[in-house]
Amino acid sequence: MSKQKWLWGIVVLLLIIASPGIMMRWNAEQSNNSYEIVIPYDEIQTVNKESDLTMDKILSSLKDAGLTTVSLEPLSLKEMEHQGLISTYNESELAAQLRFTPYKGAVDVNKGGYYISVPEDASYQQLIKDSIQPEEVQIGDESFYFLPSSNHRYDLKTPLGYDKLAMDMINKHDLSLIFKVENANNKVANEKIVKQLLELKDSSAGRLLGSGTEAIGFGQNSGNAMVEKLSKAGYYFYTIESNPLKGEDKIAKSTNYNMIRLHSINVNRETKLKLNASIDRTTRAVKERNIRSIFYHIQTKGNAEKNLAETIDYLTGVQKQMPNHFKSGTPELFDVVAVPTWVTALVLLAGILFTYLMSELVKWMPLRITAVVFMSALAIGYLLLKSTIFLQAFALIIAVMAPTFAVIKAAKGSTHIASILLQYLKAVGISVIGIVIVIGLLNGNAFMTGFEAFKGVKLVYVVPIAGILLFVMLELNRIVDQDLKKTLSNTVTLLNRDLKYWHVLLLIVVAGIGLFYISRTGNSGSVSNAELAFRQWLENILYVRPRTKEFLIGFPFFVLALYVMGINRKWGSILLVPGVIGFLSIVNTFTHLHIPVAVSALRTLYSVSLGFVVGLVFILIFKIGYRFISKAIARWS
């Protein structure tokens with residue numbers, strides 16, 4: 001016992017010494033408190049065209065409501081035609097229009113390409129000339145630019161460059177500017193866009209948001225060089241939450257993960273999304289997921305002025321609901337979190353010792369030694385090769401074993417509340433050690449920005465439950481404390497028993513509950529409207545809500561399990577199965593590495609505290625029910 005205490009002490013001491021790594025992340029997250037709301041310029045233009053409001057009036061009202069930033073897409077010939085700036089005709093279309101005029105035959109239909117009317121504004125003329133270098137054609141009194149089909153570098157959809165008049169309008173209202181960049185199908189077009197971006201770089205326009213499905217330069221030999229030029233000029237890139245572009249990971253690595261996390265709210269696609277839900281989603285994204293940019297789309301269908309009014313209500317609603325320590329403005333990059341190798345080495349050593357301590361669940365020493373050797377091999381593999389996959393594998397094993405071990409180690413029944421509290425805190429403490437090891441290893445800007453992640457989230461939800469089910473099965477058959485030979489013998493006997501119909505029914509019920517449980521995990525889990533309302537109420541009161549499966553299911557059942565085990569160990573052990581959910585869930589909370597550590601810690605504190613209180617209520621209900629059933633049995637016996 002004294003040896004174990006020394007080992008536990010060494011594990012805790014190692015983690016304390018290695019705490020500067022986690023503190024670096026904590027400080028980087030806490031100091032990054034500026035956020036922005038972005039609206040695309042073309043949607044503002046739509047409001048302008050479909051209402052009597054001027055662009056000045058629209059932009060002024062949006063800024064007064066809280067708009068900080070406008071995004072601007074590069075113009076293409078197609079977009080310029082859509083805005084009414086030019087008209088385009090292929091050779092056949094223009095020849096047909098000239099058929100009954102004196103200029104019949106002026107167009108050579110054998111020479112394929114596009115005839116582009118010359119725009120009135122000189123800046124648009126210059127943009128077309130600089131980009132596609134067209135031939136200039138005169139037909140009567142009308143001038144055209146001609147883009148031959150043989151020019152494979154440009155077509156109607158190829159990005160040409162950015163609208164100078166639009167930029168002047170945005171700057172006039174002192175709004176920040178994000179340039180949207182898409183990957184053209186040839187490097188010449190991309191290089192010209194990059195050239196223009198370098199010329200346009202100033203203090204109000206230093207951010208780039210990818211458009212389409214590919215990052216600029218993806219699949220092109222000069223892609224890295226283009227990104228390097230933009231980065232050296234002071235540009236930094238955005239990454240859209242849950243919608244990464246092809247090639248974006250390479251940009252992230254080459255820029256040392258100097259990326260801003262962006263969340264998109266598109267009311268045109270999510271037609272059932274209400275105003276309050278949009279506001280709630282915005283504040284939650286900023287305070288809980290390290291999101292620093294919200295891209296909001298104006299409704300494009302229906303009355304334009306009404307759509308603008310709803311957008312203004314959204315902006316003002318966000319300003320009112322956002323916690324005070326977050327400031328509206330230009331988002332900042334995270335400070336560099338460069339964890340020293342010695343810190344990681346200490347956490348790995350703590351993890352190896354922690355693995356040895358957890359392996360006491362297995363009485364066979366060769367297997368315990370194998371587990372330690374395997375974890376040591378992962379640690380050495382990372383220190384030699386610096387491959388993140390070793391850390392991710394190491395962290396996964398800790399994450400699935402910690403809640404399992406915590407529950408079994410603390411499964412000592414008692415009918416005294418003080419003793420139950422002690423065992424409860426022991427289980428929480430063991431889980432916290434596992435958590436600290438996981439977040440101590442998976443640390444740095446790559447994880448904070450979401451480009452690297454914890455691997456195996458579903459396993460954290462499944463393996464501990466399976467482990468506790470196995471423990472309960474062994475406990476019910478009195479083979480936990482026996483030696484290896486008897487354990488194997490009794491296990492074989494158990495497996496050879498006849499299968500009853502109620503066994504099958506029980507398996508079906510358990511499988512159904514399991515499938516429902518798994519379906520609710522992750523971001524795509526299904527949740528009822530009533531539960532959503534309850535969650536939002538908790539969040540409004542507590543800043544961040546504790547997870548319902550922790551404080552209403554997992555922890556209370558664990559507390560109840562300890563009490564019932566004090567009366568009947570076998571029956572009480574069955575309650576450990578739902579009880580482990582609380583512990584695996586808090587471990588899982590911290591494996592979402594894009595969530596600030598402070599938020600996860602606060603959420604877990606709420607869950608642990610409320611879970612114990614609810615557990616006491618469970619005990620009270622059990623005592624009342626147990627007394628009632630005992631009297632009923634005595635009466636009928």
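### Comments concerning the nonpolar core
Within the largest apolar cluster, 79 residues are counted, with the highest numbers of intra-cluster contacts made by F354, F394, I437, F454, F558 and L576. The biggest single contributor to this core is helix α16 (residues 388-409), with 12 residues. Counting residues in each nonpolar core, the second largest holds 58 residues, with I170, V181, L208 and Y257 among its members.

### A short note on the environment of N445
Its place among the elements puts N445 in helix α18 (residues 445-448). It is 36 Å that separates the C-alpha atoms of N445 and E310, two residues lying 135 residues apart in sequence. Sequence-distant contacts of N445, defined by excluding residues within four places in its chain, comprise N256, Y257, F334, D335, V336 and V337.

### Considerations on the pairing of strand β7 (residues 176-182)
Within β7, six of the seven residues are buried, which leaves it mostly tucked inside the rest of the structure. Sheet topology note: the β7/strand β8 (residues 207-211) ladder contains five bridges and is parallel. Looking across to β8, one finds that F179 is bridged to L208.

### Digging into the environment of I298
If you trace the backbone, I298 turns up in the loop between β11 (293-297) and α13 (304-321). The exposure class of I298 is buried, given its relative accessible area of 1%. Taking the C-alpha atoms as reference points, I298 and T370, 72 residues apart in sequence, are found 59 Å from one another. Those residues in contact with I298 that lie beyond four places of it in its chain are I39, E43, I44, V47, V267, N268, N307 and T311.

### Re the sheet that holds strand β4 (residues 113-117)
Pairing is antiparallel in the open sheet, where four strands are placed in the order β3-β4-β6-β5. This sheet does not close on itself; its edge strands, each paired only once, are β3 (88-90) and β5 (135-139). Averaged over all pairs of adjacent strands, the angle between their axes in this sheet comes to 35°, without regard to strand direction. Examined bridge by bridge, β3 and β4 share three bridges and lie antiparallel to one another. Across the sheet, T88 pairs through a bridge with I116, a residue of β4. Where helix α7 (residues 122-132) meets the sheet, it contacts β4, β5 and β6 (142-148), and its direction lies at approximately 30° from that of β6.

### Some thoughts on the pairing of strand β9 (residues 236-240)
Extensive coverage of β9 is indicated by the burial of five of its five residues. Of the pairings in the sheet, the one linking β8 to β9 comprises two bridges and is parallel in character. Bridge pairing links R207 to Y236 in β9. The parallel pair β8 and β9 is bridged by helix α10 (residues 223-232), and the resulting crossover is right-handed. Direction of pairing for β9 relative to strand β10 (residues 259-266): parallel, over a ladder of four bridges. Within the sheet, the bridge partner assigned to I240 lies in β10 and is L262.

### Details of the domain arrangement of the chain
As far as domains go, the chain holds domain 1 (2-26 + 336-634), domain 2 (33-78 + 156-328) and domain 3 (79-148). In this assembly, 17 residues from domain 1 lie in contact with 17 residues from domain 2. Summing the contributions of domain 1 and of domain 2, the shared interface buries around 1500 Å²; its carbon and sulfur component is 50%. Between R603 and E288 there is a salt bridge whose closest N-O contact spans 3.0 Å. Across the contact surface, domain 1 and domain 2 share seven residue pairs in polar contact (both at pLDDT 80 or more). When residues of the side of domain 1 that touches domain 2 are traced back to their parent elements, those giving at least two are α18, α22 (529-542) and α26 (597-636). Considering every element that reaches the side of domain 1 that touches domain 2, the biggest residue donor is α18, with three residues. Considered class by class, the residues forming the side of domain 1 that touches domain 2 number nine nonpolar, five polar and three charged.

### Considerations on a nonpolar patch on the surface
Residues F534, W537, I541, L552 and I553 make up a contiguous nonpolar surface patch of roughly 460 Å² in combined accessible area. Every element with two or more residues in the nonpolar patch is listed here: α22 and α23 (548-567). The biggest single contributor to the nonpolar patch is α22, with three residues. Note that F534 resides in helix α22. Given a relative accessible area of 32%, F534 falls into the partly exposed group.

### Brief notes about the pattern of salt bridges
Going through the model one piece at a time under the given rule, you end up with 17 salt bridges. K129 is paired through a salt bridge with E136; the nearest N and O atoms lie 3.9 Å apart. K129 gets classed as partly exposed once you look at its relative accessible area, which sits at 34%. Overall, the relative accessible area of 60% leaves E136 in the exposed class. Put simply, E241, R261 and R289 are held in one network by salt bridges that share partners.

### Description of helix α9 (residues 187-200)
Under the 1.5 Å per step criterion, the end-to-end length of α9 is 20 Å for 14 residues, consistent within 8% with the ideal 20 Å. Among the residues making up α9, those that are buried are A189, N190, I193, V194, Q196 and L197. Axial view of α9: buried residues confined to an arc of 165°, hence all on one face. Turned more than 90 degrees away from the buried face of α9, the exposed residues are K195 and E199. At its buried positions, α9 is contacted by β7, β8 and α10.

### Some details on unusual backbone geometry
Of note, Y257 is a non-glycine position whose phi angle comes to about 60°, a positive value. Inspection of the secondary structure puts Y257 in the loop between α11 (248-254) and β10. Unusually for a residue other than glycine, Y543 sits at a positive phi of about 80°. Of note, Y543 is situated in the loop between α22 and α23.

### Side note on the side chain of E452
Structurally, the position occupied by E452 is in the loop between α18 and α19 (457-476). For the buried E452, no salt bridge exists, and the shortest N-O distance to an oppositely charged side chain is 4.9 Å, to K253.

### Some details on the packing of helix α3 (residues 41-49) against helix α4 (residues 55-65)
Between two packed helices, both the angle of their axes relative to each other and the distance between the axes serve to describe the pair. Where α3 contacts α4, the two axes come as close as 9 Å, and the packing angle between them is 125°. The orientation of α3 with respect to α4, classified from their angle, is oblique. Regarding α3 and α4, the two cross each other, and that crossing is right-handed. Listed contacts from α4 to Y41, I44, Q45, V47 and N48 of α3 are M55, I58, L59 and L62.

Cut-off values and rules
- Residues numbered from 1 in each chain as written.
- Predicted model: local features only at pLDDT ≥ 70, side-chain atom pairs only at ≥ 80, totals over all residues.
- Heavy atoms only, no water.
- Core = buried A, V, L, I, M, F, W, Y, C linked by side-chain atoms within 4.5 Å.
- Buried < 20%, exposed > 50% of the residue type's maximum accessible area, 1.4 Å probe, protein only.
- Helix = DSSP H or I, 4+ residues; strand = E, 2+ residues; numbered from the N terminus.
- Contact = heavy atoms within 4.5 Å.
- Pairing = 2+ DSSP bridges.
- Axes fitted to C-alpha atoms, helices over the stretch in contact; angles between N-to-C directions.
- Right-handed = clockwise from strand over helix to strand, strands pointing away.
- Domains from an automatic or database assignment.
- Buried area = accessible area lost by both parts, 1.4 Å probe.
- Salt bridge = Lys/Arg side-chain N within 4 Å of Asp/Glu carboxyl O.
- Polar contact = N/O pair within 3.5 Å; in protein donor to acceptor, adjacent residues only side chain to side chain.
- Nonpolar A, V, L, I, M, F, W, Y, C, P; charged D, E, K, R; others polar.
- Patch = residues over 30% accessible without salt bridge, like charges linked within 9 Å, V, L, I, M, F, W, Y side chains within 5 Å.
- Areas by Shrake-Rupley, 256 points an atom, 1.4 Å probe, with all protein chains shown as cover.
- Expected span 1.5 Å × (residues − 1).
- Arc of directions from axis to C-beta.
- Lys, Arg positive; Asp, Glu negative; His and termini not counted.
- Parallel < 35°, antiparallel > 145°, perpendicular 65-115°, else oblique.
- Left-handed = near helix turned anticlockwise from the far one by under 90°.

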